[in-house]
Amino acid sequence: MTHAPALLPRTGIGTDVHAFAAADSGTPMHLACLSWPGEIGLEGHSDGDVVAHACCDALFSAAGLGDLGSNFGTAQPQWKGAAGATLLAEAARRVREAGFEIGNVAVQLVGARPRVAGRMSEASQALSQAAGAPVSFSATTTDHLGFLGREEGLLAIASALVYPAATATPGA
């Protein structure tokens, strides 16, 4: 007797790290699908939004679709300079196209700057809008330890919950 597979949720973990651009580069800061005027941006093939990128990575992982690099890699010129919100919306679209719905994403930024406390709700809203699903955003520091504490770059870690889209009524 063959049984249909259970519609169990799946989880994925994603990370992203980018170095800060040179102070005189004029690179704008894009983080958590928001612009951060007056802050030095991050180096990257796209806009360097580590928060949005970690969310993408977690979603791809949960859905079994590879990782950020295999989906939006440097060998794919159409993603050069792309906004984090654009990448996150496309990642969410691909996850849904693969037969999953997004339950939620949680993401944490690790670094000394920019100070994000005053914009956490705004960041959660912007990320949620891009993903079309709830995204919770938080941040922490490393208390001046390591490359993050020396303000050489930023790291983000995300987890995502996806579940198979129901195509039939269970038990039918």
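Criteria and cut-off values
- Residues numbered from 1 in each chain as written.
- Predicted model: local features only at pLDDT ≥ 70, side-chain atom pairs only at ≥ 80, totals over all residues.
- Heavy atoms only, no water.
- Helix = DSSP H or I, 4+ residues; strand = E, 2+ residues; numbered from the N terminus.
- Rg over C-alpha atoms; globule rule 2.2 N^0.38 Å.
- Buried < 20%, exposed > 50% of the residue type's maximum accessible area, 1.4 Å probe, protein only.
- Contact = heavy atoms within 4.5 Å.
- Areas by Shrake-Rupley, 256 points an atom, 1.4 Å probe, with all protein chains shown as cover.
- Lys, Arg positive; Asp, Glu negative; His and termini not counted.
- Charge placed at Lys NZ, Arg CZ, Asp CG, Glu CD.
- Core = buried A, V, L, I, M, F, W, Y, C linked by side-chain atoms within 4.5 Å.
- Pairing = 2+ DSSP bridges.
- Axes fitted to C-alpha atoms, helices over the stretch in contact; angles between N-to-C directions.
- Salt bridge = Lys/Arg side-chain N within 4 Å of Asp/Glu carboxyl O.

Enquirer: So what's going on with the overall build of the protein? Residues and values would help.
Expert: A tally of helices and strands in the protein yields 5 helices and 6 strands. Of the regular secondary structure in the protein, the N- to C-terminal order runs β-β-β-α-α-α-β-α-β-α-β. Taken against the 2.2 N^0.38 rule, which gives 16 Å for 172 residues, the C-alpha radius of gyration of the protein at 17 Å falls within 12% of a compact globule. A principal-axis box enclosing the C-alpha atoms of the protein has dimensions of 65 × 35 × 25 Å. The 172 residues of the protein split such that 43% are buried. A separation of at least 24 residues holds for 72% of the contacts in the protein among residues at least 6 apart in sequence. Here the protein displays about 8,700 Å² of accessible surface, and carbon together with sulfur accounts for 56% of that area. Placing the 9 positive and 15 negative side-chain charges of the protein at their respective mean positions leaves the two points 3 Å apart.

Enquirer: Residues and numbers for the nonpolar core, please.
Expert: Note on soluble globular proteins: their nonpolar side chains tend to be buried together. Formed by 46 residues in total, the largest nonpolar core has its most connected members in Leu31, Val51, Val107, Leu127 and Phe137. Considering every element that reaches this core, the biggest residue donor is helix 1 (residues 50-63), with 11 residues. Once residues lying within four places of it in the same chain are set aside, the contact partners of Leu31 are Trp36, Leu42, Asp49, Val50, Val51, Leu109, Pro114 and Leu154.

Enquirer: I'd like a rundown of the sheet that holds strand 4 (residues 100-110), residues and numbers included.
Expert: Hydrogen bonding along the main chain pairs the strands of a sheet, whether they run parallel or antiparallel. Strand order across the open sheet formed by 4 strands is 1-6-4-5, with mixed pairing between neighbours. A strand with exactly one partner marks an edge of an open sheet, and here the two such strands are strand 1 (10-19) and strand 5 (135-140). Each adjacent strand pair in this sheet contributes to an overall mean axis angle of 15 degrees, direction not counted. Note: strand 1 against strand 6 (residues 153-164), 10 bridges, orientation antiparallel. Counterpart to Asp16 in the pairing with strand 6 is Ala156. Most of the contacts of helix 1 go to strand 1, to which it runs at about 150 degrees, and overall it touches strand 1, strand 4, strand 5 and strand 6.

Enquirer: Can you break down the pattern of salt bridges residue by residue, with the values?
Expert: All chains considered together, the criterion is met by 8 salt bridges. Across the pair Arg93 and Glu90 runs a salt bridge whose closest N-O atoms are separated by 2.8 Å. Taken together, the residues Arg93 and Glu90, both in helix 3 (residues 84-97) and 3 residues apart, mark about one turn of the helix. For Glu151, the salt bridge goes to Arg113, with nearest N and O atoms at 2.9 Å. With Glu151 in the loop between helix 5 (146-149) and strand 6 and Arg113 in the loop between strand 4 and helix 4 (120-131), this pair connects stretches of sequence that are 38 residues apart. Judged by its relative accessible area of 36%, Glu151 is partly exposed.

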